[in-house]
Amino acid sequence: MIAQRLALSLLILWAVSVVIFIGTEILPGDVAQNILGQSATPEALENLRTEMGLNDPALSRYLSWAGGIIQGDLGTALTNGRDIAESMTSRLINTLFLAAFAAVMSVPLAIFLGLLAVRYRDRWPDKLISATTLASISLPEFFIGYVLILIFAVNIPLFPSVASVYDGMGFFARLNAMALPAMALTLVVLAHMMRMTRAAILNVMESAYIETAELKGLSSFKIIYRHALPNAIAPIVNVVMLNLAYLIVGVVVIEVIFVYPGLGQYLVDHVSKRDIPVVQACGLIFAAIFIGLNLVADITALLTNPRLRHPK
């Protein structure tokens, strides 16, 4: 079953690569126009396009690009001639670090709030947590980011509004610079994880063995912690993995708002320059990470739920 999931993931990644290539092909404008400017002559544009290989047939360019990807070559940026893999390495590390920072804050807090909501089901803590998380889900990322800047960078200047990080920066200085984007990402994914945790545990709480535990006189906390949570761990792990995938691929808006030097900002910069190889490489990296984390979620579900391993 794991081999089937892996084969399906590779097939999906190939399909995504086709979609990414087609999507970048239909973008208006091209990098030659961006490099030479609006005053460039048609002859100069045509010569530069030929030199960059932009006039080659689309199928030939796709096969060349895909072949390079298989060999580990992401290509060369058209705007500056630099190797894409080398340029994006530090930015990918920054994005992964930001996502990990947000995950460390959001995952334990989401599980704790989910358990708390179940413990006080239909009472004011449950209603308060549900209302707050519902409001958080309803707000777009950019709005949350600007509200955090207004509160914690302008009105109460605790953190910088621009998340500037660089090589050699101290660990705690880096955490301080990343505090606001990490908080924004945490608020975005916390609500969904908490609500799914609550729903998974409540679904288990309706089982017969939970009723038996209640009849034995066990406390509500012990029933939830020792009996309900272990049996609800599979859907919770799936939700956590999906949200971790979102943390990594959904950072584009947050990175742009806080000018964070991550892969999302790198992607947006080169979209504006119509640097197609960079856009394609970034899109494929994001897709590979998302598919990989979904694969991990599937494997974890198989390992934690015997019914999935033995469907008959």
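Source: prediction; values computed, not measured.

**Q** A description of the overall build of the protein chain should follow, citing residues and the corresponding values.
**A** Scanning the protein chain from terminus to terminus reveals 16 helices and zero strands. Counting only C-alpha atoms, the protein chain reaches 85 × 60 × 35 Å along its principal axes. Residues counted as buried form 41% of the 312 residues belonging to the protein chain. Contacts in the protein chain between residues at least 24 apart in sequence constitute 72% of all its contacts with a sequence separation of at least 6. For the protein chain, the computed accessible surface area is about 16900 Å², with 66% contributed by carbon and sulfur atoms.

**Q** An account of the pattern of salt bridges is needed here, citing residue identities and associated values.
**A** Tallying each qualifying case throughout the model produces two salt bridges. Arg121 is paired through a salt bridge with Asp122; the nearest N and O atoms lie 4.0 Å apart. Owing to a relative accessible area of 42%, Arg121 belongs among the partly exposed residues under this scheme.

**Q** Any details on the packing of aromatic side chains? Residues and values, ideally.
**A** Evaluated as defined, the whole model comprises six aromatic pairs. For the pair Phe97 and Phe171, a centre-to-centre distance of 6.1 Å together with 85° between the ring planes defines the contact as edge-to-face. Here Phe171 lies in helix H8 (residues 171-177) and Phe97 lies in helix H5 (residues 84-119), a separation of 74 residues in the sequence. Clustering of aromatic rings is evident, with ring pairs tying together Phe21, Tyr62 and Trp65. Above the ring of Tyr120, the side-chain terminus of Arg119 is found at 4.9 Å from the ring centroid. The aromatic ring of Phe97 is capped on one face by Arg174, whose charged end is 5.7 Å from the ring centroid.

**Q** Describe in detail the nonpolar core, supporting the description with residues and values.
**A** Counting residues in hydrophobic clusters, the biggest one holds 55 residues, and the most contacted among them are Leu185, Met193, Ile201, Met205, Ile236, Leu247 and Phe258. It is helix H9 (residues 179-205) that contributes the most residues to this core, 14 residues altogether. Dropping the residues within four chain positions of it, Met193 is found in contact with Ser106, Val107, Ala110, Val239, Val240 and Asn243. Residues Ala77, Met88, Leu263 and Val279 belong to the second largest nonpolar core, which totals 12 residues.

**Q** Tell me about H9, residues and numbers included.
**A** Helix length check: H9, at 27 residues, gives a terminal C-alpha distance of 37 Å against a target of 39 Å (1.5 Å per residue), a fit within 8%. With 20 of 27 residues buried, H9 is to be regarded as a mostly interior element.

**Q** Account for the environment of Ala102, with residues named and values stated.
**A** Within the element layout of this structure, Ala102 appears in helix H5. On the basis of relative accessible area, Ala102 is assigned to the buried category, the value being 0%. Counting along the chain gives 14 residues from Ala102 to Met88, while the straight-line C-alpha distance between them is 21 Å. Discounting chain neighbours no more than four positions away, the residues touching Ala102 are Ala182, Leu185, Thr186 and Leu247.

**Q** Account for the side chain of Gln265, naming residues and giving values.
**A** Its location among the elements puts Gln265 in helix H14 (residues 263-272). On the basis of relative accessibility, which here comes to 12%, the residue Gln265 falls in the buried class. With sequence-adjacent residues up to four places away left out, Gln265 is seen in contact with Arg91, Glu255, Val256, Val259 and Tyr260.

**Q** Residue-level account of the packing of H5 against helix H15 (residues 276-304), with values.
**A** Running from amino to carboxyl end, H5 crosses H15 at an angle of 50°, the nearest separation of the two axes being 11 Å. Between H5 and H15, the angle falls in the class oblique. As for how H5 packs across H15, the hand of that crossing is right-handed. Residues Ile84, Met88 and Leu92 of H5 touch H15, and the partners they reach there are Pro277, Val278, Ala281, Cys282, Ile285 and Ile289. Broken down by class, the residue content of the contact of H5 with H15 amounts to nine nonpolar, no polar and no charged.

**Q** Give me the lowdown on the environment of Ala77, citing residues and values where you can.
**A** Within the fold, Ala77 resides in the loop between helix H4 (58-70) and H5. Note: C-alpha distance between Ala77 and Asn176 (99 residues apart in sequence) is 32 Å. In this structure Ala77 touches Arg82, Ile84, Asp275 and Val278, once residues within four positions along its chain are discounted.

Rules and cut-offs
- Residues numbered from 1 in each chain as written.
- Predicted model: local features only at pLDDT ≥ 70, side-chain atom pairs only at ≥ 80, totals over all residues.
- Heavy atoms only, no water.
- Helix = DSSP H or I, 4+ residues; strand = E, 2+ residues; numbered from the N terminus.
- Buried < 20%, exposed > 50% of the residue type's maximum accessible area, 1.4 Å probe, protein only.
- Contact = heavy atoms within 4.5 Å.
- Areas by Shrake-Rupley, 256 points an atom, 1.4 Å probe, with all protein chains shown as cover.
- Salt bridge = Lys/Arg side-chain N within 4 Å of Asp/Glu carboxyl O.
- Phe/Tyr/Trp six-rings, centres within 6.5 Å; stacked < 30°, edge-to-face > 60°.
- Lys NZ or Arg CZ within 6 Å of the ring centre and 35° of its normal.
- Core = buried A, V, L, I, M, F, W, Y, C linked by side-chain atoms within 4.5 Å.
- Expected span 1.5 Å × (residues − 1).
- Axes fitted to C-alpha atoms, helices over the stretch in contact; angles between N-to-C directions.
- Parallel < 35°, antiparallel > 145°, perpendicular 65-115°, else oblique.
- Left-handed = near helix turned anticlockwise from the far one by under 90°.
- Nonpolar A, V, L, I, M, F, W, Y, C, P; charged D, E, K, R; others polar.

By themselves these figures say nothing about function.
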